[in-house]
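# Understanding the architecture of this molecule
Each chain, letter by letter, is given below.
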Amino acid sequence: MVATPPASASESFDALGTTAVVATTQPDQLAAALEAVRATIADIDTACSRFRADSELSRVNAAAGGGAQAVSRTFIRATRCALRAAALTDGDVDPTIGGSLQAAGYDRDFAAIRAGGPVRFRRAGGWRCVEVDPDRATVRIPAGVELDFGATAKALAADIAATAAAGATGGGALVSLGGDIATAGAAPAEGWLVRVGEDSRGGPEQPGQTISIAGGGLATSTTTLRRWVRGERAVHHILDPSTGAPAAGRWRTVSVAAATCVDANVASTAAIIRGDLAAAWLEELALPARLVAHDGSVTLTGGWPLELI
Amino acid sequence: MASDPPPFGRTSHRAVALRDAGLRRISATTRWVAAAVVALSGALALMAANAFHGHTATSTSSNSSVTQPPSSDAIQQPSQAPQAVVQQPQQQPVVVSGGS
């Protein structure tokens with residue numbers, strides 16, 4: 001009896017403070033896909049990590065109020081990606097949220113955060129103050145402003161990595177970085193299977209819905225993870241840039257499918273912050289989305305499939 | 001005994017008339033030269049514009065270099081909406097999308 005070869009192969013590893021999953025439609029090319037993805041992740045981490053003292057982001061933040069800083073093309077790309085997200089969401093996803101995260105207590109790698117005293121929330125610096133010169137490859141921010149690319153850099157890495165993996169293998173590739181999913185190349189015949197839940201570290205058995213995607217990106221933002229305590233208050237990592245306080249709207253988890261992982265993640269994050277206005281906004285953009293309210297009720301937009309019972 | 005007024009008055013009026021006529025000719029010549037220079041400059045500018053194609057600058061100085069996305073940019077929907085899974089293929093991994 002001849003065993004049927006697997007239609008795809010996957011492997012996971014720790015990266016960017018979370019778990020990376022790489023899948024390819026060319027099982028014998030999995031090693032090449034992994035190599036391409038690891039290289040992309042290393043590049044993004046060196047440029048954009050807020051918790052690495054030697055990252056370009058840390059250097060730019062340390063130079064706030066000073067002269068323009070020479071940065072890599074990767075950093076320019078990440079900065080422009082973050083500013084585009086801000087423009088498309090009217091500032092609901094703002095890369096100058098770094099100071100707000102610091103003030104809220106997210107001032108170190110999440111695993112090292114401990115409970116602390118009360119905090120005074122601080123609004124974001126305002127994305128329009130970021131000066132980018134792509135020709136000279138420089139970035140400058142005013143004094144008191146701190147960048148954080150948490151809402152876009154991981155998704156950008158997934159998009160770049162998926163394209164690189166597809167190119168390296170000559171087949172279809174899927175890359176998930178902490179649940180932010182990007183695909184490139186031809187998908188398996190039945191599509192890429194995704195369990196849409198609330199915790200990317202959980203297995204496919206967790207509550208949620210299993211769907212298939214033929215391409216593009218898929219991202220989930222949730223207020224149920226990355227939570228900590230300051231004073232008497234539970235705090236989470238999705239802050240409203242206009243106040244610096246944790247988003248307290250109607251939705252606890254939002255999953256969005258879009259043309260890219262970046263677009264999906266921008267929309268899902270903005271939806272958490274927009275609260276009651278989110279469903280209409282997503283519908284207007286014709287984005288397939290699954291929004292879970294704090295009471296567990298689910299709202300679908302943009303042609304997201306109904307859950308089969 | 002009265003005498004004719006000196007010829008100074010007539011001579012002076014004639015000289016003034018001659019001076020004014022000369023000034024008018026100079027003024028007219030200056031206007032024609034200025035018009036010719038403007039026309040020639042425009043013609044040269046058109047020739048230069050057609051001969052050397054320029055490029056669009058993305059930024060010029062630190063104060064004007066804040067990059068903005070094109071106004072037509074928007075969050076893009078996927079080419080195909082997600083599909084419900086009726087029966088899960090056994091040989092394909094299931095990836096989880098959730099928070100991290």
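Residues numbered from 1 in each chain as written. Chains lettered and ligands numbered in written order. Predicted model: local features only at pLDDT ≥ 70, side-chain atom pairs only at ≥ 80, totals over all residues.

## Some remarks on the overall build of chain B
Scanning chain B from N- to C-terminus turns up one helix and two strands. In sequence order, the secondary structure elements of chain B are arranged as α-β-β. Counting across all 100 residues of chain B, residues that qualify as buried make up 12%. (Helix = DSSP H or I, 4+ residues; strand = E, 2+ residues; numbered from the N terminus. Buried ≥ 20, exposed ≤ 12 C-beta atoms within 10 Å, placed from the backbone.)

## What to know about the overall build of chain A
Regarding its fold elements, chain A presents seven helices and 15 strands. For chain A, the C-alpha radius of gyration of 19 Å lies close to 19 Å, the compact-globule estimate for 309 residues. In terms of principal-axis extent, the alpha carbons of chain A reach across some 70 × 45 × 35 Å. Counting over 309 residues, chain A shows a buried share of 54%. Long-range contacts, defined as pairs at least 24 residues apart, comprise 61% of the intrachain contacts of chain A with a sequence gap of at least 6. (Rg over C-alpha atoms; globule rule 2.2 N^0.38 Å. Contact = placed C-beta atoms within 7 Å.)

## Structural notes on the confidence of the model for chain B
Should the pLDDT be low somewhere, the predicted coordinates at that spot are not to be read in detail. All names here are of chain B. Confidence in the prediction of chain B, expressed as mean pLDDT, is 69, and 61% of residues score 70 or more. Considering only residues more than four positions removed or in separate chains, one finds that residues 49-65, a stretch of pLDDT under 50, has 14 contacts. Model confidence for the complex: the whole-complex pTM is 0.78, and ipTM, which rates the interface, is 0.82. (pLDDT = per-residue confidence, 0-100.)

## Details of helix 3 (residues 73-88) of chain A
Think of an α-helix as turning once every 3.6 residues; residues three or four places apart then point the same way. Residue and element names in this part refer to chain A. With 16 residues, helix 3 extends 22 Å between its outermost C-alpha atoms, agreeing within 8% with the 22 Å of an ideal straight helix rising 1.5 Å per residue. Of the positions making up helix 3, those classed as buried are Phe-75, Ile-76, Ala-78, Thr-79, Cys-81, Ala-82, Leu-83, Arg-84, Ala-85 and Ala-86. Here the buried face of helix 3 lies against helix 1 (30-48), helix 2 (56-62), strand 4 (131-133), strand 5 (138-140), helix 5 (153-169) and helix 6 (261-274). Once helix 3 ends, the next one or two residues include Asp-90, with phi positive near 55 degrees. (Expected span 1.5 Å × (residues − 1).)

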